[in-house]
Amino acid sequence: MPEFDESKAYAQQEDVFFDDGREVELLHFVYSRPNLDEIRGNPAKVLEAIDDFGRKKKYLMNVGEDKGKIVTDLIAEVKPKAMVELGGYIGYSTILFGDAVKKAGGKQYYSLERNPEFGAVIGSLIDLAGLSDIVKIEIGSSDASLMRLYQAGVLKHIDMMFLDHYKPAYTTDLKLCEELKLVAPGSVLAADNVIKPGNPPYLEYVRSSVDEKRQKAQQADGYTAQGSGIAERTVNQYAKRGESMELNKSPGNPNLVYDSKLINSFEPTGVPVSVPVTGLTVQDSMLTPRQDGIEISRCVKEER
Ligand SMILES: C[S@@+](CC[C@H](N)C(=O)[O-])C[C@H]1O[C@@H](n2cnc3c(N)ncnc32)[C@H](O)[C@@H]1O
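Predicted model only: the values in this text are computed from it and were never measured. (Residues numbered from 1 in each chain as written. Predicted model: local features only at pLDDT ≥ 70, side-chain atom pairs only at ≥ 80, totals over all residues. Heavy atoms only, no water.)

A. Spatial organisation of the sheet that holds strand β3 (residues 135-139). Spatial strand order, β3-β2-β1-β4-β5-β7-β6: seven strands in an open sheet with mixed pairing. The open sheet terminates on both sides in strands that have one partner only, identified here as β3 and β6 (256-266). Strand-to-strand twist of the sheet, defined as the mean angle between neighbouring strand axes without regard to direction, takes the value 15°. In this structure, β6 lies alongside strand β7 (residues 291-302), joined through eleven bridges in antiparallel fashion. What sits directly across from leucine 256, in β7, is glutamate 302. (Pairing = 2+ DSSP bridges. Helix = DSSP H or I, 4+ residues; strand = E, 2+ residues; numbered from the N terminus. Axes fitted to C-alpha atoms, helices over the stretch in contact; angles between N-to-C directions.)

B. Broad picture of the site of the ligand. Near the ligand there are 20 residues, and of these Val63, Gly87, Ser93, Glu113 and Asp164 occur at the shortest range. Residue valine 63 places a main-chain N or O atom 2.7 Å away from an oxygen atom belonging to the ligand. Protein chains bury 97% of the 610 Å² of accessible surface belonging to the ligand in isolation. Within the residue set of the shell around the ligand, elements represented by two or more residues are α5 (92-103) and β2 (108-113). Here the shell around the ligand is composed, by residue class, of nine nonpolar, eight polar and three charged. (Near = heavy atom within 4 Å. Polar contact = N/O pair within 3.5 Å; in protein donor to acceptor, adjacent residues only side chain to side chain. Areas by Shrake-Rupley, 256 points an atom, 1.4 Å probe, with all protein chains shown as cover. Nonpolar A, V, L, I, M, F, W, Y, C, P; charged D, E, K, R; others polar.)

C. Broad picture of the pattern of salt bridges. Going through the model one piece at a time under the given rule, you end up with 22 salt bridges. With a shortest N-O distance of 3.1 Å, lysine 136 and glutamate 138 are connected by a salt bridge. Taking the relative accessible area as the measure of exposure, lysine 136 reaches 40% and is therefore partly exposed. Judged by its relative accessible area of 8%, glutamate 138 is buried. The salt bridge partner of glutamate 302 is arginine 304, with a shortest N-O separation of 3.6 Å. Residue glutamate 302 is classed as partly exposed on the basis of its relative accessible area, which comes to 26%. Where salt bridges share partners, they join Lys67, Asp192, Glu267 and Asp292 into one cluster. (Salt bridge = Lys/Arg side-chain N within 4 Å of Asp/Glu carboxyl O. Buried < 20%, exposed > 50% of the residue type's maximum accessible area, 1.4 Å probe, protein only.)

D. Spatial organisation of the nonpolar core. Core analysis: the largest hydrophobic core is formed by 56 residues, its most contacted members being Ile50, Val71, Ile75, Met83, Ile95, Phe97 and Leu125. Examining the composition of this core, we find that seven residues originate from one element, helix α6 (residues 116-129), more than from any other. In contact with leucine 125, not counting residues within four places along its chain, are Leu26, Leu27, Val30, Tyr31, Val46, Ile50, Ile90 and Ile95. In terms of nonpolar packing, the next biggest core, distinct from the first, is built from 30 residues, Met161, Leu176, Cys177 and Tyr202 among them. (Core = buried A, V, L, I, M, F, W, Y, C linked by side-chain atoms within 4.5 Å. Contact = heavy atoms within 4.5 Å.)

Encoded structure:
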């Protein structure tokens with residue numbers, strides 16, 4: 001893996017690092033760029049302006065260039081017709097991946113974001129990037145949006161899904177997609193932040209055998225965010241607005257087989273891992289502090 005390029009490092013992550021007005025500040029920053037005419041209709045230039053804000057002004061919780069490339073390479077290989085992202089924030093991944101899906105011949109990129117203010121920022125930047133034809137922004141809790149898209153019949157199969165929202169909901173939303181058959185053989189998942197801040201229950205789920213999952217499914221559903229092995233700070237990350245953190249209770253489909261592996265990369269900041277991470281393999285625990293990982297899981301078959 002190449003070294004982290006310090007010249008590209010985002011500003012340090014503060015104690016309060018989002019939902020403090022910086023998202024609207026970003027819009028003012030982008031729209032006052034002297035080269036705005038060049039930026040219009042150019043996804044790469046919009047991303048450049050966002051990165052510029054993250055480096056020179058304030059930290060933004062974007063996937064960033066390094067981890068982003070893992071997913072754009074995967075999009076070029078998988079060529080998804082329909083891709084879904086869970087957690088759009090200000091639209092960095094939406095622009096990067098929406099553009100990649102369009103270039104690969106895809107038809108629809110759904111960005112699911114719970115916070116309406118962030119959703120409005122995504123909309124503005126998607127319009128600026130000229131991607132409104134392919135990107136559809138869905139405001140609301142991810143499980144409710146997935147259900148709505150499914151029931152409306154507009155989403156029948158998810159070719160690729162990027163998971164980057166509320167960490168405890170990675171597993172529960174995946175199970176919902178399995179139950180609805182949105183995720184089925186052929187679907188490919190890319191999950192961010194499985195090392196920093198870490199997501200042991202998700203890694204365990206996508207790496208378990210069918211037998212292990214069948215056994216677990218027999219037991220009472222004991223999955224709650226607290227005590228799941230996910231850091232408490234992460235579990236309470238979105239509690240500020242008093243939104244319900246209730247997790248979907250879908251049983252999933254334990255018969256699906258995933259071929260799952262971790263690809264190491266870097267956080268855009270290079271900030272050291274600040275929370276204890278459990279459930280990692282020996283190889284994972286040898287990572288240097290500024291590293292993170294994307295777990296790529298290919299659904300290869302369904303066992304009967
Ligand atoms: C890490 S940020 C996403 C960053 C973005 N994917 C990127 O790389 O540019 C996580 C986002 O998920 C959103 N979120 C958290 N829980 C959610 C949920 N249950 N449904 C939808 N969005 C959620 C948050 O509001 C936040 O904007």
